[in-house]
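Below, each chain spelled out in residue letters.
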Amino acid sequence: MSKPKGVIAPEEAKKLNDAFTKRCKLISQDITKRSDNRSSWYSLKDLKKYLRYAKKQAKKNGHKMNGVRIYCGAYPTVDGEAGYSTSFIVPTAKITDEIDGGGVNVDLLDGDVLNKGQQGHPPNANYPQQ
């Protein structure tokens, strides 16, 4: 199976998350000359393809994928212009706690992450977009 469109490496996802963390600290300040992006959109076709791909990749890496976690992120600043906000989707698996037998859902860091959804129209449109 080929890698779905929009898949990014975990390292790039970390950069998106870090850029968003910095943005949160600056939320009350003017960080861009344009209105920021408020949403990300993914087609059902792309989501289904990614989920099949991530599940197979997790199994190949010895995990049983049980869901996804969606993180907020932001593209890095370029030439003083803040990048748009984005979101990315990370596959998860349940890891059993050796002490009490319980479990916790953890991010699978050895698999690819989905990004590159379409921004809102216009980018700063609030929910719901109609």
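The structure displayed is predicted, hence computed values, not measured ones.

### Some remarks on the overall build of the chain
For the chain, the helix and strand inventory stands at two helices and seven strands. Secondary structure of the chain in N-to-C order comes out as β-α-β-α-β-β-β-β-β. Expressed as a percentage of the 130 residues in the chain, the buried residues total 31%. Nonlocal contacts in the chain, meaning residues at least 24 apart in sequence, comprise 69% of its contacts between residues at least 6 apart. Accessible surface, the chain: about 9,000 Å² in total, of which carbon and sulfur atoms supply 54%.

### A look at the pattern of salt bridges
Tallying each qualifying case throughout the model produces three salt bridges. Between Lys116 and Glu12 there is a salt bridge, with its nearest N and O atoms 3.7 Å apart. Of the two residues, Lys116 is situated in the loop between strand E6 (113–114) and strand E7 (118–119) and Glu12 in helix H1 (residues 10–25); the sequence distance between them amounts to 104 residues. Its relative accessible area of 46% is what places Lys116 among the partly exposed residues.

### Describing the confidence of the model for the chain
Within the chain, residue pLDDT values average 81, and 76% of them lie at 70 or more. When mean pLDDT is compared element by element in the chain, helix H2 (residues 44–60) scores highest at 95, while H1 scores lowest at 76.

### A few points about a nonpolar patch on the surface
Judged by side-chain polarity, Leu51, Val68 and Ile70 come together as a nonpolar surface patch covering roughly 260 Å² of accessible area. With respect to the helices and strands, Ile70 occurs in strand E3 (residues 65–74). Here Ile70 falls in the exposed class, since its relative accessible area comes to 59%.

### A word on the nonpolar core
Membership of the largest hydrophobic core is limited to eleven residues, which are Val7, Tyr42, Tyr50, Tyr53, Ala54, Ala58, Met65, Ile89, Ala93, Leu108 and Leu114. Elements represented by at least two residues in this core include exactly H2 and strand E4 (85–96). Those residues within four positions of Leu108 in sequence are excluded, and the remaining contacts are Ala58, His63, Val90, Pro91, Thr92 and Ala93. Ranked by size, the runner-up nonpolar core spans six residues in total, among them Ile8, Ala13, Leu16 and Phe88.

### Points about the packing of aromatic side chains
Within the structure shown, the criterion is met by one aromatic pair. Between Tyr71 and Phe88, the ring centres sit 5.4 Å apart and the planes meet at 15°, which makes this aromatic pair stacked. Pair noted here: Tyr71 is in strand E3 and Phe88 is in strand E4, with a separation of 17 residues, a long-range link. A residue is classified by how much of its surface remains accessible, and Tyr71, at 25% relative accessible area, is partly exposed. Residue Phe88 is classed as buried on the basis of its relative accessible area of 3%.

### Focus: the side chain of Asp112
With respect to the helices and strands, the residue Asp112 is situated in the loop between strand E5 (103–107) and E6. Among the polar contacts made by the side chain of Asp112, one reaches the side chain of Tyr53 at a distance of 2.6 Å. Look past the residues within four positions of Asp112 in its chain and what remains in contact with it is Lys3, Val7, Ile8, Ala9, Tyr50, Tyr53, Gln57 and Pro91.

Criteria and thresholds
Residues numbered from 1 in each chain as written. Predicted model: local features only at pLDDT ≥ 70, side-chain atom pairs only at ≥ 80, totals over all residues. Heavy atoms only, no water. Helix = DSSP H or I, 4+ residues; strand = E, 2+ residues; numbered from the N terminus. Buried < 20%, exposed > 50% of the residue type's maximum accessible area, 1.4 Å probe, protein only. Contact = heavy atoms within 4.5 Å. Areas by Shrake-Rupley, 256 points an atom, 1.4 Å probe, with all protein chains shown as cover. Salt bridge = Lys/Arg side-chain N within 4 Å of Asp/Glu carboxyl O. pLDDT = per-residue confidence, 0-100. Patch = residues over 30% accessible without salt bridge, like charges linked within 9 Å, V, L, I, M, F, W, Y side chains within 5 Å. Core = buried A, V, L, I, M, F, W, Y, C linked by side-chain atoms within 4.5 Å. Phe/Tyr/Trp six-rings, centres within 6.5 Å; stacked < 30°, edge-to-face > 60°. Polar contact = N/O pair within 3.5 Å; in protein donor to acceptor, adjacent residues only side chain to side chain.

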